[in-house]
Each structure stands twice: as structure tokens, then as C-alpha cells.
Amino acid sequence: SSARPLQRLSIVLLRKVNVRDALNQAMDEELERDEKVFLLGEEVAQYDGAYKVSRGLWKKYGDKRIIDTPITEMGFAGIAVGAAFAGLRPICEFMTWNFSMQAIDQVINSAAKTYYMSAGAQPVPIVFRGPNGSSAGVAAQHSQCFAAWYGHCPGLKVVSPWNSEDARGLLKAAIRDNNPVVFLENELMYGVPFDLSEEVMHKDFVLPIGKAKVERQGTHITLVSHSRCVGFCLDAAAVLAKEGVECEVVNLRTIRPLDVETIEASVMKTGHLVTVEGGWPQYGVGAEICARIMEGPAFNYLDAPAVRVTGVDIPMPYAKILEDHSVPQIKDIIFTVKKVLNM
């Protein structure tokens, strides 16, 4: 009798890591790797961070590298930009991106434009990071998404991770980048665990900025999203699959530069497009994607108009029931997909 060949088993060891810990590990490894890296912001040191993202870093690296600041975004963002001009690599934490409006002159005029205005002589290696978009029960002034705001500005790279792999790989890439990077986290994702492989846990694992990821293969319709809404798209796709609709889900990962090629390739395959985001509709991320598709080769492949699912065009209400109606829900995505496919 012929002997059966031995089948090689490749065992992939997975570890559950939540988004908060993925960000913490990324900063820890980069602080250790390069002594020019330091973290500053409100409550980041002795309190371990307002959301505990910098937990343990002050104890490990001390006052010189992990710096508590006063409540003055304009001031400490300016200090961080100046430090980047001088050759350091600051990570500047905003307690939420809503507060970055106090410092938007530093982010746009000082950080984003200097590399260009100096004809490439003065790099600005800085990461601005913190929670972005709507949280829960914090009303209008603490709930807006800044993806479109900062994605509008040349000179910045704008990153919006969804899961722990995104958070870890993209934050490490951002810290190593010589351009100013706006890193948009999501408060409601911090405690969510995801499986990470040994490869992702390696200290030199980085993800390329400017490259989207197809999270789910499909043939009938393309769902393009970023941040927390990627999870909503995958949940909607699972429901729709039971009805025979196969959705392809694209996780943008980066807002600027936008990976139009990945979106185009998907739309050419499926012939339908729905964009999903938590931000406001007017001049939003979805609006930009729809325009790019209309201007490019994928337009001729569309069998129906592209449609956006977005946050509602109002300041965020405080009441829970109104808040739930103001941000995209899984049912909104399912309804829109069925409408586009004429079901």
C-alpha cells in the first residue's frame, strides 16, 4: 500500500488584544526603539491617560519622555511641532479630537505646510492622536468626526484604524513617518478585543499608510468604510449573506492619501457601491469617494448610483434615542444595500 504523504500543519498562534492595548504596545515599542520619540498631552503620564491608552509608560520612561501638560491645546501642540522641527519625534495626544480645534492652526499652518514650504528641507515627524467621532452620551461638542476636516488638507497624512491590527501597525508606521500624521482613534473601540497573530505582534510589524484592506470578499456590492463603521459593515454583510447577497467590505485604514485603486478594483468587480461613515454627509469622506469613482475608470462599471450612509446632518443630540438615530446603524446599511440592489 502506498504511504500517505505527511501533511504539513502550519499552526497560527492568535492572541486576543483590545485596541487600547494595541495602541499602548505600539507606543511602548517605538519609545524603546527610538529615544527621540516622546509623548505629551493632558493626563498622559501620572494618570496613565484619560482612556488608559498610555498606561504604564510614565512609570517605565519617566518625566522626560511622558509629559503631562496643562489644559492648553494650542500651547502643547505648538511645543510638539517645535520639538519636531528640532529633530524629535513627538506623539501629541488630544483628549478628544474635538479639542484639537483649539490647536488647528498648529496642526495645519505649522505642521502640515512646513515640509512643503521649506522645499523638503524641514521634515515634521509628529503624530497627533486621540479619540475621534461620536462616543456615547457626550452631546454635540464632543461627538464630531474630523476625518473630512483633516483629510481636506495637503501636507497631512490622516489615518483611521478600525481593529487592533490596524491600530498597532498604523500607529508604528505613523511614529516612524517624517510627515505629520493625524491619527483618528475611536473611544468606543478601545475595549474591543481582536485576534492578533505572532506576525502582527512582532516589534517590527508596520502597516503601510495609504493602503486599504478588503476585510470580506463579495461579488454583489462594495461597502467602503473606516473606523468603527467597518464593524457595522461586516455585521450587515453577515445578515445580507443569509439572503443571498455577498457584500465586499473595504476598510479604508487611511483617509489621506486615499487608496482609490482598491475601491475601484472592488467596484469593477461588484458593480455597486455604498460608502459608510459616522461623520456628516456634506463634503464628507463618502462624498470624496463617490466623486473619485465618478471621475475614474470604475464609473462605467456601476449598475446603479453610488449611495452614502452617514451621520445625520445635525449637531449630535444628547438624548440616547436621538443619538442612536443620528449615527449609522447596521439596519441603515442593510436598508441601503437592498435599495441599491433594487431588492
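Residues numbered from 1 in each chain as written. Predicted model: local features only at pLDDT ≥ 70, side-chain atom pairs only at ≥ 80, totals over all residues. Heavy atoms only, no water.

## Some remarks on empty space enclosed by the protein
For clarity, the threshold we go by: Site definitions follow a grid-based scheme: protein atoms alone, a 1 Å grid, a 1.4 Å probe that fits but cannot get out for cavities, and for pockets an open set with protein on both sides within 12 Å along at least five of seven lines, plus lining residues having an atom within 4 Å of a point. Grid points are joined across faces, edges and corners, and a volume is the space filled by probe spheres set on the points.
One pass over the full model with this rule turns up three cavities of 30 Å³ or more. In this structure, the largest cavity occupies an estimated 170 Å³ of space. Ser-134, Asn-186, Arg-228, Cys-229 and Gly-278 are the residues nearest the centre of the largest cavity, which is lined by 16 residues in total. Considered as a void within the structure, the second largest cavity measures approximately 130 Å³ in volume.

## Concerning the pattern of salt bridges
Should their charged atoms come close, side chains of opposite charge can pair. The condition that has to hold: Any carboxyl oxygen of Asp or Glu within 4 Å of a side-chain nitrogen of Lys or Arg constitutes a salt bridge here. Numbering of helices and strands runs from the N terminus, with a helix taken as a DSSP run of H or I at least four residues long and a strand as a DSSP run of E at least two residues long. Think of it in three bands: with a 1.4 Å probe and only protein chains considered, a residue is buried below 20% of the maximum accessible area for its type, exposed above 50%, and partly exposed in between.
Following the criterion strictly, the structure yields 22 salt bridges and no others. Residue Arg-216 pairs with Glu-246 through a salt bridge whose shortest N-O separation is 3.1 Å. Taken together, the residues Arg-216 in strand 9 (residues 213-216) and Glu-246 in the loop between helix 9 (229-241) and strand 11 (247-251) connect sequence positions 30 residues apart. Glu-246 sits in the partly exposed class, given a relative accessible area of 27%. Among the charged side chains, a salt-bridge network with shared partners connects Glu-29, Glu-30, Arg-33, Arg-168, Lys-172, Arg-176 and Asp-204.

## A short note on the pairing of strand 5 (residues 127-131)
Put simply, the rule reads: The criterion for strand pairing is that DSSP finds at least two bridges linking the strands in question.
The element strand 5 is largely enclosed, with a buried count of five among its five residues. Here strand 4 (residues 89-93) runs beside strand 5; their pairing, made up of three bridges, is parallel. By the bridge assignment, Glu-93 is partnered in strand 5 with Arg-129. Of the pairings in the sheet, the one linking strand 5 to strand 7 (residues 181-185) comprises five bridges and is parallel in character. Across the sheet, the residue bridging to Phe-128 is Val-182, located in strand 7.

## Quick notes on the environment of Asp-313
As a reminder of what qualifies: Contacts between residues were defined by any pair of non-hydrogen atoms, one from each residue, lying within 4.5 Å.
Along the chain, the position of Asp-313 falls in the loop between strand 14 (307-309) and helix 12 (320-326). Spatially, the C-alpha atoms of Asp-313 and Trp-280 are 5.4 Å apart, while their sequence positions differ by 33 residues. Contact partners of Asp-313, with chain neighbours within four places excluded, come to Trp-280, Pro-281 and Gln-282.

## Describing the layout of surface pockets
Put simply, the rule reads: Each residue gets one of three labels, nonpolar for Ala, Val, Leu, Ile, Met, Phe, Trp, Tyr, Cys and Pro, charged for Asp, Glu, Lys and Arg, and polar for the others, Gly among them.
Looking at the largest pocket, its volume works out to about 480 Å³. The wall of the largest pocket is formed by 21 residues, among which Ala-148, His-152, Tyr-283, Gly-284 and Val-285 lie closest to the centre. Those elements giving two or more residues to the lining of the largest pocket turn out to be helix 6 (147-151), strand 12 (254-256) and helix 11 (285-295). Taken together, the residues of the lining of the largest pocket sort by class into 11 nonpolar, five polar and five charged.

## Regarding the UniProt feature "domain: Transketolase-like pyrimidine-binding" (unreviewed entry) in the protein
Applicable threshold: UniProt positions are given in the numbering used here, feature names are shortened, and annotations may be inferred rather than shown by experiment.
Taking the UniProt record as the reference, the feature "domain: Transketolase-like pyrimidine-binding" (unreviewed entry) is found at residues 17-192. Along residues 17-192, the helical share is 36% and the strand share 16%, with 8 Å between the first and last C-alpha atoms.

## Digging into the sheet that holds strand 2 (residues 37-41)
What counts is decided by this rule: Only C-alpha atoms enter the line fits that serve as axes; for helices the fit covers just the stretch in contact. Angles between N-to-C directions range over 0 to 180 degrees.
Taken in spatial order, the seven strands make up an open sheet running 3-2-4-5-7-6-12, and their pairing is mixed. Unpaired on one side and paired on the other, strand 3 (66-68) and strand 12 mark the two borders of the sheet. Strand-to-strand, the axes of this sheet are offset by a mean angle of 20 degrees, without reference to chain direction. Of the strands in this sheet, strand 2, strand 3, strand 4, strand 5 and strand 7 are in contact with helix 1 (residues 19-33), which crosses strand 2 at around 130 degrees.

## Some thoughts on the packing of helix 9 against helix 13 (residues 330-340)
The condition is simple: Any angle that falls under 35 degrees is termed roughly parallel, while one over 145 is termed roughly antiparallel, one within 65 to 115 roughly perpendicular, and all others oblique. For any pair of crossing helices, the crossing counts as left-handed if the nearer helix is rotated counterclockwise from the farther one by less than a right angle, and right-handed if it is rotated clockwise.
Where helix 9 contacts helix 13, the two axes come as close as 9 Å, and the packing angle between them is 55 degrees. By the angle class used here, helix 9 and helix 13 are oblique. Pair helix 9 / helix 13 crosses with right-handed handedness. Touching Phe-232, Cys-233, Asp-235, Ala-236, Val-239 and Leu-240 of helix 9 are Ile-330, Ile-333, Ile-334, Val-337 and Lys-338, all from helix 13.

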